[in-house]
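Take a look at the letters that make up each chain.
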Amino acid sequence: MTRALFPASFDPIHYGHIDIATRAAAIFDELVVGVYERPSKSLLFTLEERLALVREALQHLPNVTVMAYGGLTVDFARRIGARVIVRGLRVVSDFELELQMALTNKQLAPEIEVVCLMTSRDYAFISSSIVREIALLGGDISAMVPPHVARALAAKAAARAGETVPIVSIRE
């Protein structure tokens, strides 16, 4: 029985993530989707919100478990007994980063393999940062995320719109 780990921050989860998770779940006996608690980037959603969004988005996959984790991904993979780390590739720039991470992880944990799945063409342009930006600016993201994620993003956008923004005057 092969357990695989699909790690990411999922801020928020989008159809590209769901595509990779669905395909990985068909390849491996068990897939753990690891939601990284503290990535080195600013987050829109809390860990609890991201976990809930991911669980709802992947509830149709019976062999998928969603878990939060911190620290090194390879350490988490070892703790849960994963023999494979699954990553998605969208564009050429992803390859460079994923190659560097895969080689580093192989150095840290030679027993864990890294498998990269090419994203489906329909989702190659989607990233969480693009989804967040479009949503916060009031754009249509319905083709990029499931409805429950679109609603959560709309709520975040509305909350931000309600924030008081200081008026700055510019002197010429």
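Note on numbering: residues in each chain are counted from 1, in written sequence order. A pLDDT threshold of at least 70 governs which residues receive local features in this predicted model, and a stricter bar of 80 or more applies before side-chain atom pairs are shown or counted, although totals over entire chains, interfaces and linings include all residues. Based on all heavy atoms of the structure, the side-chain values leave hydrogens and waters out of the count.

**What about the environment of Leu99?**
Reasoning step 1: You can see Leu99 is positioned in helix H4 (residues 92-108).
Reasoning step 2: Separated by 36 residues in the primary sequence, Leu99 and Asn63 have C-alpha atoms spaced 27 Å apart. Put simply, DSSP H or I for four residues or longer makes a helix, DSSP E for two residues or longer makes a strand, and each gets a number counted from the N terminus.

**Structural notes on the nonpolar core**
Reasoning step 1: In these notes, a set of buried Ala, Val, Leu, Ile, Met, Phe, Trp, Tyr and Cys residues joined through side-chain atoms within 4.5 Å is what counts as a nonpolar core. Three labels apply to residues, based on accessible area from a 1.4 Å probe with only protein chains included: buried if under 20% of the type maximum, exposed if over 50%, partly exposed otherwise in between. Counting residues in hydrophobic clusters, the biggest one holds 37 residues, and the most contacted among them are Ile13, Leu31, Val33, Leu58 and Val86.
Reasoning step 2: Those elements giving two or more residues to this core turn out to be strand E1 (3-8), helix H1 (15-27), strand E2 (30-36), helix H2 (47-57), strand E3 (64-69), strand E4 (84-89), helix H5 (128-136) and helix H6 (147-161).
Reasoning step 3: We call two residues in contact whenever any of their non-hydrogen atoms come within 4.5 Å of each other. In this structure, Val33 is in contact with Phe6, Phe10, Val54, Leu58, Val64, Thr65, Val66 and Met67, ignoring residues within four places of it in sequence.

**What to know about the packing of H2 against H6**
Reasoning step 1: Note on geometry: axes are C-alpha line fits, over the in-contact stretch for helices, and angles between N-to-C directions span 0 to 180 degrees. Orientation of H2 relative to H6, taken along the N-to-C sense of each, is 155 degrees, at an axis distance of 10 Å. In terms of orientation, H2 lies roughly antiparallel with respect to H6. Taken together, the residues of H6 that come into contact with H2 (itself represented by Glu49, Leu53, Glu56 and Ala57) are His148, Val149, Ala152 and Lys156. To sort the angles, those under 35 degrees are grouped as roughly parallel, those over 145 as roughly antiparallel, those from 65 to 115 as roughly perpendicular, and the leftovers as oblique.

**Some points on the sheet that holds E2**
Reasoning step 1: Between any two strands, pairing holds if DSSP finds at least two bridges. Reading across from one edge, E3-E2-E1-E4-E5 is the order of the five strands in this open sheet, with parallel pairing throughout. Either end of the sheet is taken by a strand with one partner, and the two such strands are E3 and strand E5 (113-118). The sheet shows a mean angle of 30 degrees between the axes of neighbouring strands, taken without regard to direction.
Reasoning step 2: In this structure, E1 lies alongside E4, joined through two bridges in parallel fashion. Bridge assignment links Leu5 to a residue of E4, and that residue is Ile85.
Reasoning step 3: On top of the sheet, H1 reaches E1, E2, E3, E4 and E5; it is set at about 125 degrees to E5, its chief contact.
Reasoning step 4: Of the strands in this sheet, E1, E2, E3 and E4 are in contact with helix H3 (residues 73-80), which crosses E1 at around 150 degrees.

**Some details on a nonpolar patch on the surface**
Reasoning step 1: The residues that make up patches have over 30% relative accessible area and no salt bridge, and they are joined within 9 Å when like-charged or within 5 Å when they are Val, Leu, Ile, Met, Phe, Trp or Tyr. Note on areas: Shrake-Rupley with a 1.4 Å probe; residue coverage comes only from the protein chains shown. Salt bridges, as used here, are contacts in which a Lys or Arg side-chain nitrogen is within 4 Å of a carboxyl oxygen on Asp or Glu. Taken together, the side chains of Phe95, Leu99 and Leu103 define a hydrophobic patch exposed on the protein surface, amounting to about 300 Å² of accessible area.
Reasoning step 2: For Leu99, a relative accessible area of 39% gives the class partly exposed.

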